[in-house]
Amino acid sequence: LETSSGTAAPKLGGEREPLTRELASKPRKTPMKIEPKVFFANERTLMSWLNMALTLGALAATLLGYSASLVSGAQASGRSSTGLGPHMMGFILLPIAMLFAAYAYITYISRRKYLRLRIDQGAFFDETGPMLLGVCLITALSGIFVAKLPQ
């Protein structure tokens, strides 16, 4: 709704809505105010992603350690079991854990740079990164499952 002065009528919250996209995309003249809780939210996001990476890495390391004990136990008893199943799973999950950690660190550093320089990046969420990591994890787990089906 337009008023007689040519500005937009105030919305329920008392804010004024710009009439055109050009007005909305003008550069800011006042510096962007960033509250400390935004920096802490960035750090919490990093810790959450690193928690997932650490969980996957610990699972991969456990599988690798378990497969090594299976191989040494099989050789000591004269059995022919090689324990390649857990070994293969560990080697598949370990690079995915490293991808999770690398994504977390890169995202944290880029967001921190934008916050410190007070660059208005727009939304601070990433639509493609988590989806790609999820697809990698689901593909790896599905591949492991399919590989273990014949056994």
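Structure: above.
What this report covers is the structure whose coordinates are included nearby.

What counts, and where the lines are drawn
- Residues numbered from 1 in each chain as written.
- Predicted model: local features only at pLDDT ≥ 70, side-chain atom pairs only at ≥ 80, totals over all residues.
- Heavy atoms only, no water.
- Phe/Tyr/Trp six-rings, centres within 6.5 Å; stacked < 30°, edge-to-face > 60°.
- Helix = DSSP H or I, 4+ residues; strand = E, 2+ residues; numbered from the N terminus.
- Buried < 20%, exposed > 50% of the residue type's maximum accessible area, 1.4 Å probe, protein only.
- Lys NZ or Arg CZ within 6 Å of the ring centre and 35° of its normal.
- Core = buried A, V, L, I, M, F, W, Y, C linked by side-chain atoms within 4.5 Å.
- Contact = heavy atoms within 4.5 Å.
- Polar contact = N/O pair within 3.5 Å; in protein donor to acceptor, adjacent residues only side chain to side chain.
- Patch = residues over 30% accessible without salt bridge, like charges linked within 9 Å, V, L, I, M, F, W, Y side chains within 5 Å.
- Areas by Shrake-Rupley, 256 points an atom, 1.4 Å probe, with all protein chains shown as cover.
- Salt bridge = Lys/Arg side-chain N within 4 Å of Asp/Glu carboxyl O.
- Expected span 1.5 Å × (residues − 1).
- Arc of directions from axis to C-beta.

Evaluated as defined, the whole model comprises two aromatic pairs. On the numbers, 5.7 Å between centres and 50° between planes, the contact of Trp49 with Phe100 is tilted. Highlighted residues: Trp49 in helix α2 (residues 36–77) and Phe100 in helix α3 (residues 84–116), separated in sequence by 51 residues. Take Trp49: its relative accessible area is 22%, and that puts it in the partly exposed class. A relative accessible area of 5% means that Phe100 is categorised as buried. Measuring from centroid to centroid gives 5.0 Å for Trp49 and Tyr103, while their planes differ by 70°, and the two rings are edge-to-face. Of this pair, Trp49 sits in helix α2 while Tyr103 sits in helix α3, placing them 54 residues apart in sequence. Counting every residue linked through ring pairs, the aromatic cluster contains Trp49, Phe100 and Tyr103. Looking at Lys113, its charged tip hangs above the ring of Tyr114, at a distance of 5.1 Å from the centre.

Counting 14 residues, the largest nonpolar core has Leu56, Leu93, Ile96, Phe100 and Leu137 as the members making the most contacts within it. Listed by contribution, the elements that provide at least two residues to this core are α2, α3 and α4 (128–148). Top contributing element to this core by residue count: α3, with six residues. In contact with Ile96, other than residues within four places in its own chain, are Leu56, Cys136, Leu137 and Ala140.

Now for the side chain of Asn42. One can find Asn42 in helix α2. At 3.4 Å, the side chain of Asn42 and the backbone oxygen of Tyr108 are in polar contact. Not counting chain neighbours up to four residues away, the residues in contact with Asn42 comprise Tyr108, Arg111, Arg112 and Leu115.

Attention now goes to a nonpolar patch on the surface. Nonpolar side chains collect at one region of the surface, where Met131, Leu132 and Val135 lie side by side and expose about 300 Å² of accessible area between them. As for its placement among the helices and strands, Val135 is situated in helix α4.

A turn of α-helix holds 3.6 residues, and therefore any two residues three or four places apart point the same way. Taking 1.5 Å of rise per residue, 21 residues should cover 30 Å, and α4 covers 30 Å from first to last C-alpha, within 8% of that figure. Those residues of α4 not exposed but buried are Gly129, Leu133, Leu137, Ala140 and Ile144. Each buried residue of α4 lies within a common arc of 65° when the element is viewed along its axis, so the set occupies one face. Exposed side chains of α4 directed beyond 90 degrees from the buried face belong to Met131, Leu132, Ile138, Thr139, Phe145 and Val146.

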